[in-house]
Amino acid sequence: MRCSRLCALTFRTGSSEVRGCVSATNIFFAVLFWLAHAVPMKLVASIFDMSLSTFSKCVEPCLAAIITGLSQRTDCAIGFPTSASDIARLEHDFVDCHDDSGRFKFFHGVVGAADGTLIPMHLPRGEEDRVWRTRKGFIGMNALVCVDRSRFIRFLQCGFTGSTHDGTMVAQSALLQRVPEGKYVLFDAGSTPVPHRLLTPFRSSRSGRLRYHLQEFRSDGTGPKNAEELFNLRHSVLRSVVEMAIGVWKLRFEILRRGIPFLDIEKSNQVVIATAYLHNYAISQNTALPTEEDDISPLMPSATARSWFRNATRRTEGHTEGASDEAEDVVVVNRDSRDSPYQQACAWRTAIATEMFADYQTKQRSQAACDKRGIELSRGAEAPFSSQYSAVPRALMAKPGGQTARSGKRRHE
């Protein structure tokens, strides 16, 4: 969407007093700057030559305009497609697009990967800190995100307290209702599987430990030992796209990593949703990712502001999301044998793993036979010439012009 249209939408709900004081373009880029770099509002107002009160009044209508404007565009709206052709294309891109070996063909029907992510925030007065404190010790909210293979956000529900478990978010959200009929999404072990809607990996039990994360297979230096580990390995490879998407989303908007300032819960949700729409828009426009070399400190109006920003960018965030988030999840699984949907989901998952492992073993045996045949051929090439062609008729060994391969002499009629 053109910036001029977004700016017009920004002040459609704003007050006329604010519109008369500051240009819409200036306010729009000030809000984008605030979302991307997470600098204090007072500093943003100083950079864009406006008062703090003016900028504070314009943040909420600008965020609402971004959400309203971009939600009307099909190329960046948050949601799953509705047409059968678009859904089939989504499934093909997720499973078959980059799979020449057929490793992921058993995951037919998957259209997305979901995960929970923690977003730090500063609570306004009156909110209880205890329920918003995350397992990592900081105050924040939990959000449920589902993406496709291109890292496009297809589902987002935020506003959960920081202490909310991922499985609780799945149960209380509308994710499974939004997934197209007959399709499913991948999730980690933080939730129980749902038949033909939510596919989770196998968990370790008292009978033995099962590996799941890619680094576990790399550190052990061995391949999958059974059907469950093979399923977990390929499930992890496919589901890693949601980890990358969340990382890219937070890399574009530092406010999601450093913390949303002292806003009420509704405005904080607006910040998260607006950045998700902008993330989808950036993907649709093939916008390059920001790098650590991008220095905006020369834009700061004073030496004090420039020093503050440099120190803030060098600060190590203790609450930054990392690759080890899932390892800290407290998994709650319903093991009640009378739970029929759970049994159906486990049987569905076991059937996929069994079929996948049978195909894996067949390919392993075929590869071993090819390797053995290759060794035999290499040994045969070292044998004497006469022993290799002892059964070949002499006439077939004759070279053009009547010269035989053995004698090297020209035959005369």
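Per chain, the residues get numbers from 1 upward, laid out in the order the sequence is written. Two thresholds apply to this predicted model, a pLDDT of at least 70 for residue-level local features and 80 or more for giving and counting side-chain atom pairs, whereas whole-chain, interface and lining totals are computed over all residues. Excluding hydrogens and water, the side-chain values take into account all heavy atoms of the structure.

Trainee: Explain the packing of aromatic side chains to me, using residue names and the numbers behind them.
Mentor: To pair, rings of Phe, Tyr and Trp, with the six-membered ring standing in for Trp, must have centres within 6.5 Å; the planes then decide the type, stacked if under 30 degrees apart, edge-to-face if over 60, and tilted in the middle. Tallied over the entire structure, the rule returns seven aromatic pairs. Where Phe 33 meets Phe 48, the ring centres are 5.6 Å apart and the plane angle is 70°; that geometry is what we call edge-to-face. One end of the pair, Phe 33, is in helix α3 (residues 24-37); the other, Phe 48, is in the loop between α4 (41-47) and α5 (52-71), and 15 residues separate them in sequence. Of the two residues, Phe 33 and Phe 48, both sit in the buried class. Note on Trp 34 and Phe 55: the rings are 6.3 Å apart at their centroids and 85° apart in plane angle, and the pair reads as edge-to-face. Helix and strand labels come from DSSP, where a helix needs a run of H or I of at least four residues and a strand needs a run of E of at least two; each type is numbered from the N terminus. Relative accessibility thresholds used throughout: buried, under 20% of the residue-type maximum; exposed, over 50%; partly exposed, between the two (1.4 Å probe, protein chains only).

Trainee: Give me the lowdown on the pairing of strand β3 (residues 153-161), citing residues and values where you can.
Mentor: Strands pair, by our definition, only if DSSP identifies at least two bridges between them. Relative to β3, strand β2 (residues 140-147) is paired through six bridges, and the arrangement is antiparallel. Among the inter-strand pairings, Val 145 is bridged to a residue of β3, identified as Leu 156. Taken together, β2 and the strand that follows it, β3, pair antiparallel across an intervening segment of five residues, in which Arg 151 is found at a positive phi of about 70°.

Trainee: I'd like to hear about the environment of Gly 182, residue by residue, with values.
Mentor: If you trace the backbone, Gly 182 turns up in the loop between α9 (175-178) and β4 (184-186). Residue classification places Gly 182 among the exposed residues on the basis of a relative accessible area of 56%. Sequence separation between Gly 182 and Gly 109 is 73 residues; the distance between their C-alpha atoms is 7.1 Å.

Trainee: Can you break down the packing of α3 against α5 residue by residue, with the values?
Mentor: Contact geometry for α3 and α5: axes closest at 10 Å, N-to-C directions at 85°. Between α3 and α5, the angle falls in the class roughly perpendicular. Taken together, the residues of α5 that come into contact with α3 (itself represented by Ile 27, Phe 28, Ala 30, Val 31, Leu 32, Trp 34 and Leu 35) are Phe 55, Cys 58, Val 59, Cys 62, Leu 63 and Ile 66. Each residue is assigned to one of three groups, with Ala, Val, Leu, Ile, Met, Phe, Trp, Tyr, Cys and Pro labelled nonpolar, Asp, Glu, Lys and Arg labelled charged, and all others, Gly among them, labelled polar. Residues belonging to the contact of α3 with α5 are distributed by class as follows: 13 nonpolar, no polar and no charged. Axis geometry follows a simple rule: fit a line to the C-alpha atoms, using only the stretch in contact for helices, then measure angles between N-to-C directions, giving values from 0 to 180 degrees. Here roughly perpendicular refers to angles of 65 to 115 degrees, roughly parallel to angles under 35, roughly antiparallel to angles over 145, and oblique to all remaining angles. Between two residues, a contact is recorded if the distance between any of their heavy atoms is within 4.5 Å.

Trainee: Tell me what's going on with the pattern of salt bridges, and back it up with residues and numbers.
Mentor: For this analysis, a salt bridge means a side-chain nitrogen from Lys or Arg found within 4 Å of a carboxyl oxygen belonging to Asp or Glu. Considering all chains together, one arrives at 13 salt bridges under this definition. Asp 148 is paired through a salt bridge with Arg 154; the nearest N and O atoms lie 3.0 Å apart. Classification of Arg 154 as buried rests on a relative accessible area of 17%.

Trainee: Tell me about the environment of Gly 190, and please be specific about residues and values.
Mentor: Relative to the helices and strands, Gly 190 resides in the loop between β4 and β5 (198-199). What makes Gly 190 buried here is its relative accessible area of 2%. Note: C-alpha distance between Gly 190 and Asp 115 (75 residues apart in sequence) is 8.8 Å.

Trainee: Break down the side chain of Arg 211 for me, citing the residues and quoting the values.
Mentor: As for its placement among the helices and strands, Arg 211 is situated in the loop between β5 and α10 (214-220). Residue classification places Arg 211 among the buried residues on the basis of a relative accessible area of 2%. Of the polar contacts made by the side chain of Arg 211, one reaches the backbone oxygen of Gly 223; its length is 2.8 Å. Side-chain polar atoms of Arg 211 contact the side chain of Glu 229, separated by 2.7 Å. Excluding anything up to four places from it in sequence, Arg 211 contacts Glu 216, Phe 217, Asp 220, Thr 222, Gly 223, Pro 224, Lys 225, Glu 229 and Asn 232. Polar contacts here mean pairs of N or O atoms no more than 3.5 Å apart (in protein, one a potential hydrogen donor and the other a potential acceptor; neighbouring residues in sequence count only if both atoms are side-chain atoms).

Trainee: Residues and numbers for α3, please.
Mentor: In a regular helix each residue adds 1.5 Å, so 14 residues correspond to 20 Å; α3 covers 20 Å between its end C-alpha atoms and thus fits that length. What α3 keeps buried is the set Ile 27, Phe 28, Ala 30, Val 31, Phe 33, Trp 34 and Leu 35. Positive backbone phi, at 55°, marks Ala 38, one or two positions downstream of α3. Helix span is expected to be 1.5 Å times the residue number reduced by one.

Trainee: Can you break down the sheet that holds strand β1 (residues 110-120) residue by residue, with the values?
Mentor: What the five strands build is an open sheet, ordered β3-β2-β1-β4-β5; its pairing is mixed. At either margin of the open sheet sits one strand with a lone partner, and together these are β3 and β5. By the bridge criterion, two bridges tie β4 to β5 in an arrangement that is parallel. Bridge pairing in β5 links Leu 186 to Leu 199. Its contacts with the sheet place helix α11 (residues 227-252) against β1, β2, β3, β4 and β5, and it is angled at close to 50° to β1. Lying on the sheet, helix α13 (residues 265-284) is in contact with β1, β2 and β3; it crosses β3 at an angle near 165°.

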